[in-house]
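Structural features, examined
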Amino acid sequence: MSSAQKDIVYIDIDDEITSIIEKVQSSSHKIVALVLPKRAAMLQSIVNMKLLKRAGDTAKKKIVLITSEAGLLPLAGAVGLHAAKTLQSRPEIPVAPSVSSATIDAEISEEVSAGDLPVDSTKTVGELAGDDEPIEVDTPEDTGTDSKESTTKSKKKSGKKLKIPNFNKFRTRLIIGLVLIILLVAGWYVAAFVLPRATITIETRTTTVSSDVDFVVRPGLEDIDEELSIVPGVSEELRQTDTEKTDATGEKNIGDKATGTVVIYNCSLLDLIATRTRTVPAGTGVSSGDLTFILTEDVEVEPSNHSSLSGDDCNKNRPSDEVDVVAQNPGTDYNVDEREYSVSDYPAMVAEGSEMTGGTDKIVSVVRQKDVNDARDRLIERNKEVATQELKDELSAAGYIPLEGTFQSGDPDVGSSPNVGAEADQATITATIVYTMLGVNREGLHTLIANDVAEDIDTERQTILDDGLDDATFRVTATEPSGDARVNVRTFVTAGPELDEASIKAEIKGTSRSDTERIIKDRPGIRDTIIDYNPFWVFSTPRNEDKIDLIIQSVDEPVDEEEIEEEDAATDEP
């Protein structure tokens, strides 16, 4: 059969029966093999199957269904459509249901006899289609001779199939490759820019000389007076308030006071002559030895007669009214018998007292002034060290060198709770103390020291690397009421080549070892350069200046400090 009489049409699972009929009608071949997909729902209807049969007959085409669906075969058989499991199978009309098979067969036979191109059931659909290449139909579960033949032929042709690559494996390999590339780049960056470091030791030639300068530090001065060696300074003040508890060591008798009465005689001859009566006011004390009693009210005293106008023998014949008295202090010591008392502020008077009774003893602890003073001294001493350090820190932070020898503590403002003399077992002492210390301007003092050593160093080739002020010895020789202080400073000054670390780093970064060494040694005053690169794969100075550590060392023998001190001591001797 020629190829013009056959056609193979693949049906999609979504194709409708009308679409299938159109495909059949549009085919230019007499025999049309419809390759059906699995579970082709559109032909599981006897109506659709009849429509398809009728469309084929109308178009004068023979339709062969290529399917192994068990549900379709009876329907195909009912309407007289040929069917084959594969394109290599022989087409045949499946067995139709018994009820309607006769009628349908008659109709089909009539139609077949009326056609001019019957299907040759002795040939396979492939042979009818004239296709040399087998067509894969998704009926892998087929059994029997046809399936075996199909399987055998499929295996023979498998070598010609296009091999589709495994995308998941490709994607995994791609990700691994990218990760490796990232790790390599990161490792290269760390090795080239992060890990490399350079430690460069620069040995310089330096000179150490001593300096001994007397100067005056003046608080409030703005500019240094180099001629008179007066340096600006500042007086720093620190006010501290602290408290301390102290035991009350005093004792006080708070018992009852003895009481009694006295009468007073005025033996003044002058008052007698002048006939003067005197009033002794309340609060006047009458005393016998250490015992004093106080008058509780005013009392008038007339002069007593004397044995003669020129004698002192007082007759005591004009006593005053009795007046109540109370002991000056509590205690049983004031319980005394009748006796005579002197009258305070009235030497010509004498008082005669009754028996004094009622005095009792009750001894309690009280705060003494000594307790307060001792606590105050302890507070001053305790805060002295802290205040000294705080003042030094504040002066240093302000750019001044603290002169510890000028440290002073002012008169403290001290309070006691309870007050001195009050009954208590303990007292809280509060003291507000003002500490002061002078600071000298560092730059100004540096100028005086530079002037002092100018003749001892080569100022054209050397500069002062360290003025030694951080370790200098200061001695305050005098303090003035104006606030000035006369101070002596002794220090050791180190002079050598001036090296700007930032400038050196900027010049040597990124250079080779030899260039780095040459750049540094070209500077005056450099004795040697030791370069240490890390890690081992680094052979040049890092480009990052933060990765460069410069260590500047003085290798020259310094001046013998003991010798200098001995010379200074000899100079100080008169």
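Presented here is an overview of the structure given in this document. (Residues numbered from 1 in each chain as written. Predicted model: local features only at pLDDT ≥ 70, side-chain atom pairs only at ≥ 80, totals over all residues. Heavy atoms only, no water.)

Here's the deal with the packing of aromatic side chains
Using the criterion set out here, one finds six aromatic pairs in the structure. With a centroid separation of 5.8 Å and an interplanar angle of 75°, the aromatic rings of Phe293 and Tyr341 are classed as edge-to-face. One end of the pair, Phe293, is in strand 12 (residues 291-295); the other, Tyr341, is in strand 15 (residues 339-343), and 48 residues separate them in sequence. Look at Phe293 and you get buried, because its relative accessible area is 0%. Overall, the relative accessible area of 1% leaves Tyr341 in the buried class. Arranged with centres 5.5 Å apart and planes meeting at 20°, the rings of Phe407 and Tyr435 form a pair that is stacked. On the criterion of sequence distance, the pair formed by Phe407 in strand 18 (residues 400-409) and Tyr435 in strand 20 (residues 426-441) is long-range, its members being 28 residues apart. Grouping residues by exposure puts Phe407 and Tyr435 together as buried. A network of ring pairs unites the aromatic residues Trp188, Tyr189 and Phe193 as a single cluster. (Phe/Tyr/Trp six-rings, centres within 6.5 Å; stacked < 30°, edge-to-face > 60°. Helix = DSSP H or I, 4+ residues; strand = E, 2+ residues; numbered from the N terminus. Buried < 20%, exposed > 50% of the residue type's maximum accessible area, 1.4 Å probe, protein only.)

A closer look at the state of the cysteines
Summed over all chains, the structure comprises one disulfide. Through a disulfide, Cys267 is tied to Cys314; the S-S separation comes to 2.3 Å. Handedness here is read from the sign of the S-S torsion; for Cys267 and Cys314, about -75°, the answer is left-handed. Here Cys314 lies in the loop between strand 13 (299-301) and strand 14 (323-327) and Cys267 lies in the loop between strand 9 (259-266) and helix 8 (269-273), a separation of 47 residues in the sequence. A relative accessible area of 18% places Cys267 in the buried class. (Disulfide = S-S within 2.5 Å.)

Brief notes about the packing of helix 2 (residues 46-58) against helix 3 (residues 72-79)
Running from N to C, helix 2 and helix 3 cross one another at 50°; their axes reach a closest spacing of 9 Å. Taken together, the axes of helix 2 and helix 3 are oblique relative to one another. For the crossing formed where helix 2 meets helix 3, the hand is right-handed. On helix 3, the residues that touch Ile46, Met49, Lys50 and Lys53 of helix 2 are Leu72, Leu75, Ala76, Ala78 and Val79. Among the residues forming the contact of helix 2 with helix 3, the class breakdown is seven nonpolar, no polar and two charged. (Axes fitted to C-alpha atoms, helices over the stretch in contact; angles between N-to-C directions. Parallel < 35°, antiparallel > 145°, perpendicular 65-115°, else oblique. Left-handed = near helix turned anticlockwise from the far one by under 90°. Contact = heavy atoms within 4.5 Å. Nonpolar A, V, L, I, M, F, W, Y, C, P; charged D, E, K, R; others polar.)

Side note on unusual backbone geometry
Backbone torsion omega between Ser417 and Pro418 reads 0°, so that peptide bond is classified as cis. Along the chain, Pro418 turns up in the loop between strand 19 (413-417) and strand 20. Following Asn534, the chain continues into Pro535 via a peptide bond in cis, with omega recorded as -10°. Locating Pro535 in the fold gives a position in the loop between strand 24 (526-534) and strand 25 (548-554). Phi at Asp345 takes a positive value of approximately 70°, unusual for a residue other than glycine.

With respect to the pattern of salt bridges
Taken as a whole and assessed by the stated rule, the structure comprises 22 salt bridges. Asp528 is paired through a salt bridge with Lys521; the nearest N and O atoms lie 3.4 Å apart. Overall, Asp528 belongs to the partly exposed group, its relative accessible area being 27%. Accessibility expressed as a relative area gives 35% for Lys521, which makes it partly exposed. One network of salt bridges, with partners in common, ties together Asp242, Glu244, Arg378 and Arg382. (Salt bridge = Lys/Arg side-chain N within 4 Å of Asp/Glu carboxyl O.)

Observations regarding the sheet that holds strand 2 (residues 31-35)
Spatially, the four strands line up as an open sheet ordered 1-2-3-4, and their pairing is parallel. At either margin of the open sheet sits one strand with a lone partner, and together these are strand 1 (6-10) and strand 4 (82-84). On average, each strand axis in the sheet is tilted by 25° relative to the strand beside it, whichever way the strands run. Where strand 2 and strand 3 (residues 62-66) come together, five bridges link them in parallel fashion. Bridge pairing in strand 3 links Ala33 to Val64. With respect to the sheet, helix 1 (residues 17-26) is in contact with strand 1, strand 2 and strand 3, its orientation differing from that of strand 2 by roughly 145°. (Pairing = 2+ DSSP bridges.)

Overview of the sheet that holds strand 14
Around the barrel, which closes on itself, the six strands sit in the order 9-14-12-11-15-16 with antiparallel pairing between neighbours. Sheet twist, expressed as the average angle between the axes of neighbouring strands with direction ignored, equals 40°. Across five bridges, strand 9 lies against strand 16 (residues 346-353) in antiparallel orientation. Bridged to Val262 within strand 16 is Gly353.

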